[in-house]
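Each chain, written out:
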Amino acid sequence: MKHLKYLMPIIICIGLLSCKDQLSTFEKYVNMQNKYVVGAPISMTAKTGDRKAELEFVISADPRITKALISWKDEGEDVERVIDINREVPAVDTFNISIDAIGEGVKTFELTLFDEVEDASEALRTVAFIYGPNYESLLVPRRISEIITAETDDPEVNTANVTWAAASNEVLETTMSWTNTAGETTTIMIDNSTKTTELVGYGADSKITVVSKFLPEPDALDEFTSMPLDYSYPGIVADLDKSLWQYVGLPHDLPESDPTSGWGPWSNTWDGDIGTGYAWLGANNPRPAVVTIDIGLEKVLKEWNIQSPGWAAPWGPKDYEIWAIHDVDDINDVATSMNVTAENLGDWKDEMVAKGWTNLAISSPAPEDAGNVTSVFNNDLAFRYVRILIKGTWHANPDCIIYEMNARGIK
């Protein structure tokens, strides 16, 4: 008892402190209850589309709820929508609201519930992306990864095999349009599972146009259409029609024929007969020398072949250049003023460039290619006139012999 006497003050102090802590916790709870008198929203989701949204929210059975306020910022301005809550029998309920004319971009929608005296619930937020013209302008249609063309004897059945890249998850479908040889435009719907498409009777100069429809989210309210994307057909490389070729004979060109040589005219080199050809003697026309040919039509040139087979191979062109120019009103207006020589070769080339000629190839083939040399051009421009500058042969003899020339270009 003696010891209890001294312990009692301590026990009383501990009790008072404990009561103070409990009171503080109770007051904190009371204040919290006063801050959020109305039951908070249970959930809110958003479906979005072209500058619009549909919001769905679920509220509790709290009978005090009389309205809902949805707010967000739109282009820096505060925007609000109020929904009256009228329920005969309070229960867990779902509400939907459609909102139009929303600015494009990321939006944070905030939902707050109120009672009749404007006491508020705790707010609930959801973030959504609003789509619009800016999003649509960035859409790229499903891509074509490869187009392979095939030439047949009948242009009506020329084919193009289109290989499609994989479609993104947002692509709904793709539309491909193209023009056939009859001038008819054909439109084909391409679903996402399609990997290849064959086109029959296409026009080599036409284009494939591709457009895709997108659904940005599985539950998006709107579809969006990409800008069209054009694909040019890879041109069919075919032999040029040599029946159109003509010798031009610009000033300082090699003559149409060299009578002293006993060979025929230049036209022998494009008559399709490997047994006929053209020769010139170095005594009459020393190297370097040039000849100009009109191929009849503007063509995108891809290859030029020169043949001097058999015994004549060492006298075939070895070091040579191929120049070309587009169709002109008068080919003589773009002729060079000087006769090309070894000494003025650089000046001659400068004048060629100044006159508008393009150097397609500088060829110095290996000895094993003597007699059959092909120059390949990395060129996408169309030309009509070709100048061949022959600077040397494999043989030291200054004479030169060409049996046949062939060329290939975009059909």
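Every value quoted in this text rests on a predicted model; they were computed, and no experiment measured them.

Reading the values: rules and limits
- Residues numbered from 1 in each chain as written.
- Predicted model: local features only at pLDDT ≥ 70, side-chain atom pairs only at ≥ 80, totals over all residues.
- Heavy atoms only, no water.
- Helix = DSSP H or I, 4+ residues; strand = E, 2+ residues; numbered from the N terminus.
- Buried < 20%, exposed > 50% of the residue type's maximum accessible area, 1.4 Å probe, protein only.
- Contact = heavy atoms within 4.5 Å.
- Polar contact = N/O pair within 3.5 Å; in protein donor to acceptor, adjacent residues only side chain to side chain.
- Pairing = 2+ DSSP bridges.
- Axes fitted to C-alpha atoms, helices over the stretch in contact; angles between N-to-C directions.
- Core = buried A, V, L, I, M, F, W, Y, C linked by side-chain atoms within 4.5 Å.
- Phe/Tyr/Trp six-rings, centres within 6.5 Å; stacked < 30°, edge-to-face > 60°.
- Lys NZ or Arg CZ within 6 Å of the ring centre and 35° of its normal.
- Patch = residues over 30% accessible without salt bridge, like charges linked within 9 Å, V, L, I, M, F, W, Y side chains within 5 Å.
- Areas by Shrake-Rupley, 256 points an atom, 1.4 Å probe, with all protein chains shown as cover.
- Salt bridge = Lys/Arg side-chain N within 4 Å of Asp/Glu carboxyl O.
- Arc of directions from axis to C-beta.
- pLDDT = per-residue confidence, 0-100.

Chemist: Quick one: what's the story with the overall build of the protein, residue by residue and with numbers?
Modeler: Scanning the protein from N- to C-terminus turns up three helices and 25 strands. A burial count over the protein gives 40% of its 411 residues as buried. Excluding contacts between residues fewer than 6 apart, the proportion of contacts in the protein whose partners are at least 24 apart in sequence is 72%.

Chemist: Give me the side chain of N268: which residues, what numbers.
Modeler: Mapped onto the elements, N268 comes out in the loop between β17 (246–247) and β18 (278–280). Within the local environment of N268, its side chain forms a polar contact with the backbone oxygen of G277, the two atoms lying 3.2 Å apart. Excluding residues within four positions of it along the chain, N268 makes contact with D273, T276, G277, Y403 and E404.

Chemist: Requested: an account of the sheet that holds strand β3 (residues 67–74), with residues and values cited.
Modeler: Read from one edge to the other, the open sheet built from four strands follows the order β4-β3-β6-β7, with strand pairing classed as antiparallel. Edge strands, defined here as strands with exactly one partner in the open sheet, are β4 (77–84) and β7 (124–130). Direction aside, the axes of adjacent strands within the sheet are offset by 25 degrees on average. Note: β3 against β4, eight bridges, orientation antiparallel. Bridged to A68 within β4 is I83.

Chemist: Pulling in residues and values, what's your account of the sheet that holds strand β5 (residues 93–99)?
Modeler: Read across the sheet, three strands follow the order β1-β2-β5 without closing on themselves; strand pairing throughout is antiparallel. Only two strands of the sheet have a single neighbouring strand rather than two, namely β1 (43–48) and β5. Across the sheet, the mean angle separating the axes of adjacent strands is 15 degrees when strand polarity is ignored. Of the strand pairs in this sheet, strand β2 (residues 53–59) and β5 are connected by seven bridges, and their pairing is antiparallel. Across the sheet, L55 pairs through a bridge with I97, a residue of β5.

Chemist: Run through the nonpolar core, naming residues and quoting values.
Modeler: One finds W245, W266, W304, I388 and M405 to be the most contacted residues of the largest nonpolar core, which totals 29 residues. Residue assignment for this core shows that the elements contributing at least two residues are β18, β19 (289–307), β20 (317–325), β21 (358–363), β23 (382–393), β24 (400–402) and β25 (404–410). Among the elements that line this core, the one with the most residues is β19, at seven residues. Counting 21 residues, the second-largest nonpolar core is a separate cluster that includes F57, I70, I83 and L111.

Chemist: A description of the pairing of strand β11 (residues 185–190) should follow, citing residues and the corresponding values.
Modeler: Pairing of strand β10 (residues 171–179) with β11 involves six bridges; the strand directions are antiparallel. Following the sheet pairing, M176 is matched in β11 by I188. Linking β10 back to β11 in an antiparallel pair, the connection comprises five residues, with G183 at a positive phi of about 80 degrees.

Chemist: Run through the environment of I102, naming residues and quoting values.
Modeler: Looking at where I102 falls in the secondary structure, it is placed in the loop between β5 and β6 (105–114). For I102, a relative accessible area of 2% gives the class buried. As for I102 and R51, which are separated by 51 residues in sequence, their C-alpha atoms are 4.8 Å apart. Apart from the residues lying within four places of it in its own chain, the contact partners of I102 are R51, K52, A53, W72, D74, K107, F109 and I130.

Chemist: Outline the packing of aromatic side chains, listing residues and values.
Modeler: Taken as a whole and judged by the stated rule, the model has 14 aromatic pairs. Geometrically, the ring pair formed by W72 and F109 is tilted, given 5.4 Å between the ring centres and 55 degrees between the ring planes. Of the two residues, W72 sits in strand β3 while F109 sits in strand β6, which places them 37 residues apart along the sequence. Ring geometry for W323 and W348: centres 6.0 Å apart, planes at 80 degrees, overall edge-to-face. You can see W323 sitting in strand β20 and its partner W348 sitting in helix α3 (residues 345–355), a full 25 residues away along the chain. In this structure, K67 packs its charged tip against the face of F114, placed 5.3 Å from the ring centre.

Chemist: I'd love a proper account of the pairing of strand β12 (residues 196–200), names of residues and values included.
Modeler: Because side chains alternate across β12, one face comprises the buried residues T197 and L199, and the other comprises T196, E198 and V200, none of which is buried. Here five bridges tie strand β9 (residues 159–164) to β12, and the two strands are oriented antiparallel to one another. Looking at β12, one finds that N161 is bridged to E198.

Chemist: Provide a residue-level description of a nonpolar patch on the surface, including the pertinent values.
Modeler: Judged by side-chain polarity, V106, V127 and F129 come together as a nonpolar surface patch covering roughly 280 Å² of accessible area. Within the secondary structure layout, V127 lies in strand β7. Under the relative-accessibility criterion, V127 is labelled exposed at 56%.

Chemist: Which residues make up α3, and what are the values?
Modeler: Residues lying three or four places apart along an α-helix face the same way, a consequence of the helix completing one turn every 3.6 residues. All of the buried residues in α3 are L345, W348, E351 and M352. Looking straight down α3, one finds that the buried residues subtend no more than 120 degrees of arc, so they occupy a single side. Turned more than 90 degrees away from the buried face of α3 sit D350, V353 and A354, all of them exposed. On its buried face, α3 sits against β19, β20 and β23.

Chemist: Outline the environment of V328, supporting the account with residue identities and numerical values.
Modeler: Looking at the element boundaries, V328 is found in the loop between β20 and α3. Here the alpha-carbon distance between V328 and Y385, two residues 57 residues apart in the chain, equals 8.9 Å. Once residues within four sequence positions are removed from consideration, V328 is found in contact with V334 and Y385.

Chemist: Before we move on, can you summarise the confidence of the model for the protein with the specific residues and values?
Modeler: Averaged over every residue, the pLDDT of the protein is 88; residues scoring 70 or more account for 88%. Considering each helix and strand of the protein separately, the mean pLDDT is smallest for helix α1 (residues 2–35), with a value of 46, and largest for β17, with 98. For the stretch residues 1–7, pLDDT sits under 50, and the model shows zero contacts to residues farther than four places along the chain or on other chains. Considering only residues more than four positions removed or in separate chains, one finds that residues 16–33, a stretch of pLDDT under 50, has zero contacts.

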